[in-house]
Structure formats: C-alpha cells, structure tokens
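Chains, contacts and geometry: an overview
Chain by chain, the residues run as shown.
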Amino acid sequence: MNIAIIGSGVAGLACARRLNDAGLTPIIFDKGRGIGGRVATRRAEDGLQFDHGAQMIQHRTAAFQEVLAQAQSDGFVAEWHDDQSPSAYVGTPGMTGFAKYLGQGLDLHQATEITALTREAGGWSLHADTPLGLFDRVVCTAPAPQTAILTAGALTQSLDAVTYDPGLTLMVALTRALDAPVTQINPTDAFAWIARDSAKPGRPMQTCWVVQASADWSAAHLEMSKDEIAALMLALFLDLYNLHASEVAYATAHRWRYALVTKPLGQSFVTSLDGGLYACGDWCPGPRIEHAWQSGTATADDILRSV
Ligand SMILES: Cc1cc2nc3c(=O)[nH]c(=O)nc-3n(C[C@H](O)[C@H](O)[C@H](O)COP(=O)(O)OP(=O)(O)OC[C@H]3O[C@@H](n4cnc5c(N)ncnc54)[C@H](O)[C@@H]3O)c2cc1C
C-alpha cells in the first residue's frame, strides 16, 4: 500500500512510526528544512540554540508515558523539573530530539511543500513543484486552516470550527548570566512565558533565553516584520530585567501563525468519503504534543484496520 504523509511534526511522525512498525513504508513530505514542526530548535551562530516552539512534553496517558520512557532510555529526551512546572520532559540536545526519536528510519523528504492534492481514478495524487505520484492513502497533518485549503472540501467535515492563538517568540543570548528564575509564567501583560533555555538538560553552557509573547500581544503585532517584532520584544525584555542593549549577544524573533489550538475539533482524525484521505494533528483532539501523537497514532491504527 502506497501511503503519503504531509507534515513531519509529531502527528505525522507518530502516524508514520506506527505504520512503519507494522511493516508499511509511508513517505513523509514536509515544507520545512528540519523535522518536528512546532517541536523546533533554532541553531544560530557560535553554537547558540533555542527551543523556539514547544517548551516541554507532558504526559497524561500511560501510552504516551511509555513512548517518552523509551525515548529517554534511548537518549532522545530527558526529564526536566523547574520551580514552576510539574514533571515534564524535553528533547535533547534540543526539543527536536523527540522528533528525531520518532523519525528514526522513516522515509523523510524535507523542503517539499505540497501544493495540490487531487482525487484520481487510482488513488490520491500529490503535487509539489512536480507530481509526486499516486497514493492509496494520504494523511494531511498541516494546521487545520492549511489542511482545509489543501483538501478543498474532500473531507467529510468542515474544519472551520477549529481555532488557534498565534504566538510570537523572541530568542535572545546575553553576554552574561542573569539572576532571574529559570522560568516565568505571565510575568507581564506582553509575555506569557520566559525560560532560560540553557538551563534545560543536555544544552551547551550558554545564556540563551526564550520569550513567548501572550496571545493578545501576539495577535496585535502578528503582521509586523520579524525584525520589528524582535526589536519590540527585546526592548520589553531588557526593561523587565534592567539590562542594557550592549549585554545582548544575539536576538531574533519567530512568528507562529498557528501556535496553540484554542478550540479543537473534538475527535482523533477526519477522513474523506472514500476513506483514502485522512487529516489529523493536534487540532483534532487538543492543544499539546501528546494530542498530536494520539491523533497521528489513531490515524495509523485506522489505516492498518483497512489493510
Ligand atoms: C510557541 C509554542 C509553544 C508550545 N508549547 C508547548 C508545550 O510546552 N507543550 C506542548 O505539549 N505543546 C506545546 N505547543 C504545541 C505543540 O507544539 C503542538 O501541539 C504540536 O507540536 C503539534 O504537532 P502537529 O504535528 O499536530 O503539528 P505541526 O507541528 O504544526 O506539524 C505540521 C507540519 O506540517 C508541515 N506542513 C504544513 N503544510 C505543509 C505543506 N503544504 N506541505 C508540506 N508540509 C506542510 C509543517 O511544516 C509542519 O512541520 C507549543 C506550540 C508553540 C507554537
């Protein structure tokens, strides 16, 4: 059976992993350069690194806890305890470690944006710059608004009810250590989260901080250029800690147009009428990495039932 998966975020990787473990060989296409989607690690000059997407991995189910335990024993994630958060895991040496764990041995094609998806006589056809072939099953894990465009009414349900908050992230490296808590939640109206990224296990000895703007602040500044966003967030960060601009070694910003699901669809996945096309991702069951994993895994189980 030919299976294509659009997206190498946690949902796409979890789906592919389960299919691969059952003896199938899905092909995964992602428009990004690296795997992981919103489980992301930015690497910059002088060996600097920042987890600019998801910050930590929590588990509520025994099944996902088992996955994390295996990933930990294989050296891809580590437990992380700080003053504010309950026990959680982080990827090592960056958050993408967890994606790399799921992605081992899979047929991954990065930097390949799927631009069209059409129903043909023999299956579903995928197109990037060039046609990619015909598939018996296609799984789309792009965020709901992008999935709705790609699948163009072929799914049995509308995805219009799914909503997201956007998120703006500042990554900043300082020239000196800062006497501040390792993490802070909602320290100001503008900021929802500040973390000393270098305090997570397995990171290089650096003074890297990740700052996530609040949903309201992000929405209000979403369409600014990344340089403008970085400048505004940096000024607020420096002000908060009484720092001077000369103490900043590096700063940049990232825009997450679809950061956190605020209203999920309320089910594990969606299909087309003919059953050949699936859509899944965190936006189906909930806002977290564990939801993305559950959604991708449930999709794979459904495909396996039809084989
Ligand atoms: C700033 C931030 C902080 C977060 N913090 C946490 C946290 O601490 N804990 C937690 O559990 N969750 C957190 N989350 C949420 C978590 O990251 C997501 O729930 C999870 O990663 C979603 O995985 P996914 O596979 O469903 O989607 P994604 O990770 O978005 O993956 C979708 C993939 O599809 C690809 N794609 C899209 N369109 C196309 C196309 N046309 N062609 C090819 N590829 C395409 C994208 O490039 C992407 O790689 C956070 C998210 C953000 C943004």
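Residues numbered from 1 in each chain as written. Predicted model: local features only at pLDDT ≥ 70, side-chain atom pairs only at ≥ 80, totals over all residues. Heavy atoms only, no water.

Considering the overall build of the chain
- For the chain, the helix and strand inventory stands at 7 helices and 18 strands.
- A principal-axis box enclosing the C-alpha atoms of the chain has dimensions of 65 × 40 × 35 Å.
- Across the 307 residues that make up the chain, the buried fraction comes to 53%.
- In the chain, 67% of the contacts between residues at least 6 apart in sequence involve partners at least 24 apart.
- Roughly 13400 Å² of accessible area belongs to the chain as shown, and the carbon and sulfur atoms make up 50% of that amount.
- Of note, the chain has its 21 positive side-chain charges centred 2 Å away from the centre of its 31 negative side-chain charges. (Helix = DSSP H or I, 4+ residues; strand = E, 2+ residues; numbered from the N terminus. Buried < 20%, exposed > 50% of the residue type's maximum accessible area, 1.4 Å probe, protein only. Contact = heavy atoms within 4.5 Å. Areas by Shrake-Rupley, 256 points an atom, 1.4 Å probe, with all protein chains shown as cover. Lys, Arg positive; Asp, Glu negative; His and termini not counted. Charge placed at Lys NZ, Arg CZ, Asp CG, Glu CD.)

A word on the site of the ligand
- Taken together, 33 residues are adjacent to the ligand, and Asp 30, Arg 38, Met 56, Ile 114 and Asp 282 come closest.
- The separation between an oxygen atom of the ligand and a polar main-chain atom of Ala 11 is 2.9 Å.
- Side-chain polar atom of Arg 288 to a nitrogen atom of the ligand: 3.4 Å apart, as the coordinates give it.
- For the ligand, whose accessible area on its own is 1000 Å², the fraction buried by protein is 93%.
- Of all the secondary-structure elements, those providing two or more residues to the shell around the ligand are helix H1 (10-21), helix H4 (144-151), strand E16 (248-263) and helix H7 (289-306).
- Split into classes, the residues belonging to the shell around the ligand amount to 16 nonpolar, 11 polar and 6 charged.
- Residues lining the shell around the ligand come from more than one domain, with at least three contributed by each of domain 1 (3-42 + 57-162 + 265-306) and domain 2 (164-262). (Near = heavy atom within 4 Å. Polar contact = N/O pair within 3.5 Å; in protein donor to acceptor, adjacent residues only side chain to side chain. Nonpolar A, V, L, I, M, F, W, Y, C, P; charged D, E, K, R; others polar. Domains from an automatic or database assignment.)

Overview of H4
- Within H4 the residues assigned to the buried category are Ala 144, Thr 147, Leu 150 and Thr 151. An end-on view of H4 places all buried positions within 120° of arc, on one side of the element.
- Against the buried residues of H4 lie strand E1 (3-6), strand E8 (116-120), strand E11 (137-140), strand E12 (163-174) and strand E18 (277-279).
- Trailing H4 by a residue or two, Ala 152 shows a phi angle of about 40°, which is positive. (Arc of directions from axis to C-beta.)

Overview of the environment of Ser 295
- Structurally, the position occupied by Ser 295 is in helix H7.
- For Ser 295 and Ala 279, which are 16 residues apart along the polypeptide, the C-alpha to C-alpha distance reads 9.2 Å.
- Ignoring any residue separated from it by four or fewer positions in sequence, one finds Ser 295 in contact with Ser 268, Cys 280, Gly 281, Cys 284 and Pro 285.

Here's the deal with unusual backbone geometry
- The residue after Thr 92, namely Pro 93, is reached through a cis peptide bond having omega 0°.
- As for its placement among the helices and strands, Pro 93 is situated in the loop between strand E6 (88-91) and helix H3 (96-103).
- For Ala 111, which is not glycine, the phi dihedral falls at a positive 55°.
- Residue Ala 111 is classed as exposed on the basis of its relative accessible area of 56%.
- The phi torsion at Asn 186 lies on the positive side, around 50°, for a residue other than glycine.
- Within the secondary structure, Asn 186 sits in the loop between strand E13 (183-185) and strand E14 (191-196).

Remarks on the packing of helix H2 (residues 62-73) against H3
- In the contact formed by H2 and H3, the axes pass within 11 Å of each other and the chain directions differ by 95°. With respect to H3, the axis of H2 lies roughly perpendicular. Every residue of H3 that contacts H2 at Phe 64, Val 67, Leu 68, Gln 70 and Ala 71 is listed here: Phe 98, Tyr 101 and Leu 102.
- Of the residues contributing to the contact of H2 with H3, the split by class is 7 nonpolar, 1 polar and no charged. (Axes fitted to C-alpha atoms, helices over the stretch in contact; angles between N-to-C directions. Parallel < 35°, antiparallel > 145°, perpendicular 65-115°, else oblique.)

Describing the domain arrangement of the chain
- We note that the domain assignment places domain 1 (3-42 + 57-162 + 265-306) and domain 2 (164-262) within the chain.
- Centre-to-centre separation of domain 1 and domain 2, based on C-alpha positions: 27 Å.
- Contact residues are listed per partner, giving 26 residues for domain 1 and 19 residues for domain 2.
- When domain 1 packs against domain 2, close to 1800 Å² is buried across both sides, 61% of that on carbon and sulfur atoms.
- Between domain 1 and domain 2 we count 0 salt bridges in total.
- Taken together, domain 1 and domain 2 are joined by 5 residue pairs in polar contact (both at pLDDT 80 or more). (Buried area = accessible area lost by both parts, 1.4 Å probe. Salt bridge = Lys/Arg side-chain N within 4 Å of Asp/Glu carboxyl O.)

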